[in-house]
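Coordinates in review
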Amino acid sequence: VEVAIAGWEGTSSAPSTASPQVRILSDTFDIPQLNRKRRIWIYLPKDYNITAKLYPVLYMHDGQNLFDKKTSFSGEWGVDETLDTLFDRGDYGCIVVGIDNGGGNRLNEYSPWVNTQYGGGQGDEYIEFIVKNLKPHIDKNYRTFSDKDHTGIMGSSMGGLISMYAGIAYPDVFGKIGAFS
């Protein structure tokens, strides 16, 4: 028997494609509601360090796919390059917070309902983490507009589902929702 491993998730030898505005906020941000830790990314607009502006914030799921081909498991989305280009064209800018998915727990965390075949059922706890732990941390440590009109949540596939759910469950927190498939 011969086994050949094409590569391990998140260990690509490709060079990083993340823009200079992207940082890892934490490799071990605590999710107390699920008794787990997660890597959190943050994108700060190009003028963040040279102005006193407040910024809207967009929370995005599948953080490892947002900014860097090296960490992506399904292709980089190019969020940072797109925001850099928009900023260069005069866009005001926004902060993006990327939350890595939980690997084998992705479906569990991105669905508030249990499915006997696929799992699920941890979506309420995952969204509660964003609302009660992550968002307060971001609002305390970064210059943000913290109101719902300047706070969005977005994801694709199951990330889109949990984003729609978050908007319904917390309409006083998320005023903008993006759901893609």
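Residues numbered from 1 in each chain as written. Predicted model: local features only at pLDDT ≥ 70, side-chain atom pairs only at ≥ 80, totals over all residues. Heavy atoms only, no water.

With that settled, the discussion passes to helix α3 (residues 123-141). For α3, with 19 residues, the first-to-last C-alpha span of 26 Å sits near the 27 Å given by 1.5 Å per residue. By the largest-angle criterion, Leu134 marks the main kink of α3, which is about 35°, and a proline, Pro136, follows within four residues. Taken together, the buried positions of α3 are occupied by Gly123, Tyr126, Ile127, Phe129, Ile130, Val131, Leu134, Lys135 and Ile138. (Helix = DSSP H or I, 4+ residues; strand = E, 2+ residues; numbered from the N terminus. Expected span 1.5 Å × (residues − 1). Bend = angle between axes of the 7 residues up to and from the residue. Buried < 20%, exposed > 50% of the residue type's maximum accessible area, 1.4 Å probe, protein only.)

Moving on to the pairing of strand β1 (residues 22-31). The pairing of β1 with strand β2 (residues 36-43) spans seven bridges and is antiparallel. Bridge pairing in β2 links Ile31 to Arg36. The loop that links β1 with its antiparallel partner β2 comprises four residues; one of these, Asn35, has a positive phi angle of about 55°. (Pairing = 2+ DSSP bridges.)

Right, let's talk about the pairing of strand β3 (residues 57-61) for a bit. As a general feature of sheets, a regular strand has side chains that alternate between the two faces. Within β3, five of the five residues are buried, which leaves the element mostly enclosed by the surrounding structure. Where β3 and strand β4 (residues 95-99) come together, five bridges link them in parallel fashion. Directly across from Met60, in β4, lies its bridge partner Gly98. As a crossover connection, the stretch from β3 through helix α1 (residues 79-88) into β4 is right-handed. Note: β3 against strand β7 (residues 151-156), four bridges, orientation parallel. Looking at the pairing, Leu58 lines up with Gly152 of β7. (Right-handed = clockwise from strand over helix to strand, strands pointing away.)

Take the confidence of the model for the protein next. Residues at a pLDDT of 70 or more form 93% of the protein, whose mean pLDDT is 92. Predicted confidence is poor over residues 4-8, with pLDDT under 50, and the contacts of this stretch with residues over four places away or in other chains come to zero contacts. (pLDDT = per-residue confidence, 0-100. Contact = heavy atoms within 4.5 Å.)

The way to describe two aromatic rings as a pair is by their centre distance and the angle between their planes. One pass over the full model with this rule turns up eight aromatic pairs. Ring centres of Tyr110 and Tyr126 lie 5.4 Å apart, and the angle between their planes is 50°; on these two criteria the pair is classed as tilted. Here Tyr110, found in the loop between α2 (106-109) and β5 (114-115), pairs with Tyr126, found in helix α3; they are 16 residues apart in sequence, far enough to count as distant. Judged by relative accessible area, Tyr126 falls into the buried class, the value being 0%. Arranged with centres 5.3 Å apart and planes meeting at 85°, the rings of Trp113 and Tyr165 form a pair that is edge-to-face. Taken together, the residues span a long stretch of sequence, with Trp113 in the loop between α2 and β5 and Tyr165 in helix α4 (residues 158-169) at a distance of 52 residues. Taken together, the ring pairs connect Tyr48, Tyr55, Tyr92 and Tyr142 into an aromatic cluster. The residue whose ring lies beneath Lys53 is Tyr92, and the NZ or CZ to ring-centre distance is 3.9 Å. (Phe/Tyr/Trp six-rings, centres within 6.5 Å; stacked < 30°, edge-to-face > 60°. Lys NZ or Arg CZ within 6 Å of the ring centre and 35° of its normal.)

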